[in-house]
Amino acid sequence: MDKHACRACRGSDGYLVLDLGEQPACDYFPRRDDPGPDPVYPLQMWLCSSCGLAQLLADPTVPEEPKGAEPAALIAQAADAVKQVSQAGWLPDRGAVAEYGSPHGGSWLGLAAARGLVTCAPGEQADVIIDCFGLMHAADQRQALAERAARIAPGGMLLLQYHALSTILGRRQWNALRHGHYAYYSTTALTTMLAAVGFSPVTAWRFSLYGGTVLLAASRDGERNVRPDAVVQSLVAEDDRVGVCDPGAFAGLQRDVRAHAKALHDWLAAERSAGRKVLGYGAASRAVALLCHARVDRRLLPAVIDASPAKQGLRMPGTDIPVAASGQLAADKPDAVLLFVPDLLAEVRDAYPEVEAGGGWWVDAQAFGSGSL
Ligand SMILES: [Zn+2]
């Protein structure tokens, strides 16, 4: 195999820090009647020794996931973020805005338009560029960041939102690693990447989404007489404490893969033996690696419920578990519902009161093996 070149700095020195083995493409949900086996690809995280960017090593070309129903949690977070950025004075009330969005949805353009910003045409210069989980989907990180930076008008801002690597490490979210997500940002690595295009972080906001999400504001060097503020400095200090550039700090993440998967399998097997019915909720990418590692099939988990019409008639990759519509929650009266996306807890409890009314409970699939369940 050719030596890997860093997706950002092109350096070739680095470490394989997380290896999930051969995994099905979590973006490709086969039809329910497709017997498989599904093609598998190596799923590995590599940490660049030069710029510190944690990244996907192999690069299988996989089709994009059907856009899911936009979770209310994501919509609420976007509104909160736009409000906070605006209140802090970093969002102009006029000018042009461009967005590099995520294929999973969650556009901020409507919110920006409501503030008076005008959406500019593709390729045009913008006063504000919003990138909400967009950049991570670019295989060539250097080129993608350079493209964004080049479109920012003099005096303009880049707003980048990302799931923090310190969260992934600190909360042992090993199943955040997935095909199609090429980069896992620390504020530290992103600062280095920004410096390469002549930008620097000026401020940031933290959100509880995914257990810890950061929105970083960056401006072109020399245009604003500002230094990274206390929030940026605290994020960098936290990166340092967690060890985002230290390959040794990832060992716990690798160990947790087996513990998490085994705890989940054992719990499902015990529930089945006890005659209790468990369903899953949220046919998300992070559920795919977890179910595959835990060797869960439909005997242990008869269905994963998902509200997205695009996923009906399909099954989970790498296993025979069908994706089912939410009506099955009322029909099956499960004793427990395994929630693969913990951010959805408040919203699913509201949407499906029948689960708890029928004596069932919602179980956080992320919590297994962490000692919190
Ligand atoms: Zn690098």
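As a reminder, the structure under discussion sits directly above these lines.
Quick caveat, the model's predicted, so the values are computed rather than measured.

About the criteria used
- Residues numbered from 1 in each chain as written.
- Predicted model: local features only at pLDDT ≥ 70, side-chain atom pairs only at ≥ 80, totals over all residues.
- Heavy atoms only, no water.
- Helix = DSSP H or I, 4+ residues; strand = E, 2+ residues; numbered from the N terminus.
- Buried < 20%, exposed > 50% of the residue type's maximum accessible area, 1.4 Å probe, protein only.
- Contact = heavy atoms within 4.5 Å.
- Areas by Shrake-Rupley, 256 points an atom, 1.4 Å probe, with all protein chains shown as cover.
- Lys, Arg positive; Asp, Glu negative; His and termini not counted.
- Charge placed at Lys NZ, Arg CZ, Asp CG, Glu CD.
- Donors = N, O, S within 2.8 Å, 3.2 Å for Na, K, Ca; no water.
- Tetrahedral: all angles 85-135°; square planar, octahedral: opposite > 155°, others 65-115°.
- Pairing = 2+ DSSP bridges.
- Axes fitted to C-alpha atoms, helices over the stretch in contact; angles between N-to-C directions.
- Salt bridge = Lys/Arg side-chain N within 4 Å of Asp/Glu carboxyl O.
- Expected span 1.5 Å × (residues − 1).
- Polar contact = N/O pair within 3.5 Å; in protein donor to acceptor, adjacent residues only side chain to side chain.
- Core = buried A, V, L, I, M, F, W, Y, C linked by side-chain atoms within 4.5 Å.

Okay, the overall build of the chain next. A tally of regular secondary structure across the chain gives 11 helices and 15 strands. If one aligns the C-alpha atoms of the chain with their principal axes, the spans along those axes are about 65 × 50 × 35 Å. Counting across all 373 residues of the chain, residues that qualify as buried make up 52%. Look at the contacts in the chain between residues 6 or more apart in sequence, and 74% of them connect residues 24 or more apart. Within the structure as shown, the chain displays about 15,800 Å² of accessible surface, and the carbon and sulfur contribution to it stands at 52%. Side chains of the chain carry 34 positive and 41 negative charges; the gap between the two charge centres is 2 Å.

Turning to the coordination of the zinc ion, a few remarks are in order. Metal coordination angles in their ideal form are 109.5 degrees for the four-donor tetrahedron and 90 or 180 degrees for the six-donor octahedron. Within the protein, Cys6 (SG), Cys9 (SG), Cys48 (SG) and Cys51 (SG) serve as the donor atoms for the zinc ion, at 2.2 to 2.4 Å. Around the zinc ion, the 4 donor atoms are arranged such that angles at the metal cover 99 to 115°; this shape is classified as tetrahedral. As a motif over one chain, the donors of the zinc ion read C-x2-C-x38-C-x2-C. With Cys6 in the segment before β1 (14-24) and Cys51 in the loop between β2 (40-48) and β3 (54-56), this pair connects stretches of sequence that are 45 residues apart. Across the pair, Cys51 and Cys6 agree in class, each one buried.

Here we have 5 strands laid out as an open sheet, ordered β13-β12-β11-β14-β15, and parallel in their pairing. The open sheet has two free edges, formed respectively by β13 (323-324) and β15 (361-364), since each of these has just one partner strand. Relative to the sheet, helix α7 (residues 251-273) contacts β11 (278-281), β14 (336-339) and β15, its axis offset from that of β14 by approximately 165°.

One open sheet holds the 6 strands; their spatial order is β5-β4-β6-β7-β10-β9, and the pairing between them is mixed. Each end of this open sheet is capped by a strand with a single partner; those strands are β5 (118-119) and β9 (199-207). Most of the contacts of helix α1 (residues 72-87) go to β9, to which it runs at about 130°, and overall it touches β7 (152-163), β9 and β10 (213-220). Its contacts with the sheet place helix α3 (residues 141-150) against β4 (96-100), β6 (126-132), β7, β9 and β10, and it is angled at close to 140° to β7.

With that out of the way, let us pick up the pattern of salt bridges. All chains considered together, the criterion is met by 13 salt bridges. Note that Asp140 and Arg10 form a salt bridge whose closest N and O atoms lie 3.0 Å from each other. Of this pair, Asp140 sits in the loop between β6 and α3 while Arg10 sits in the segment before β1, and the two are 130 residues apart along the sequence. By relative accessible area, Asp140 is classed as partly exposed at 29%.

For helix α6 (residues 230-242), spanning 13 residues, the distance from its first C-alpha to its last is 18 Å, which sits close to the expected 18 Å at 1.5 Å a residue. The elements touched by buried residues of α6 are α4 (165-170), α5 (187-196), β9 and β10. Near the N-terminus of α6, the side chain that reaches the backbone nitrogen of Val231, with its oxygen 3.2 Å away, is that of Asp229. At the exit of α6 stands Gly243, carrying a positive phi of roughly 90°.

Turning next to unusual backbone geometry. With omega at 0°, the peptide bond leading from Gly36 into Pro37 counts as cis. Despite not being glycine, Arg172 shows a phi value in the positive range, around 55°. By the secondary structure assignment, Arg172 is in the loop between α4 and β8 (183-184). The exposure class of Arg172 is partly exposed, given its relative accessible area of 38%.

Further remarks concern the nonpolar core. Core analysis: the largest hydrophobic core is formed by 60 residues, its most contacted members being Leu159 and Tyr185. Counting residues per element, this core draws most heavily on β7, at 6 residues. In contact with Tyr185, other than residues within four places in its own chain, are Leu53, Leu135, Met136, Gln141, Tyr162, His163, Ala164, Leu165, Leu190 and Met193. By size, the runner-up hydrophobic cluster in this structure holds 49 residues, among which are Leu169, Trp174, Val244 and Ala336.

Looking at the secondary structure, you find Tyr185 in the loop between β8 and α5. Tyr185 sits in the buried class, given a relative accessible area of 4%. Remark: the alpha-carbon pair of Tyr185 and Val244, spanning 59 residues in sequence, is separated by 9.2 Å. Within polar-contact distance, the side chain of Tyr185 engages the backbone oxygen of Leu135 at 3.4 Å.

So, about the pairing of β9. Across the 9 residues that make up β9, a large majority, 7, are buried. Both β9 and β10 contribute to a ladder of 8 bridges, which runs antiparallel. Pairing of Arg206 across the sheet is with Val214, part of β10. The turn joining β9 and β10, which pair antiparallel and follow one another in sequence, is formed by 5 residues; a positive phi near 60° is taken by Tyr210.

This part covers helix α8 (residues 285-293). Of all 9 residues that make up α8, 8 are buried, and the element is covered over most of its length. Buried residues of α8: Ser285, Arg286, Ala287, Val288, Ala289, Leu290, Leu291 and Cys292, and no others. Residues of α8 that are buried sit in contact with β1, α7 and β12 (304-305). Directly beyond the C-terminal end of α8, a positive phi value near 50° is found at Arg295.

These figures come from the coordinates and say nothing about function on their own.
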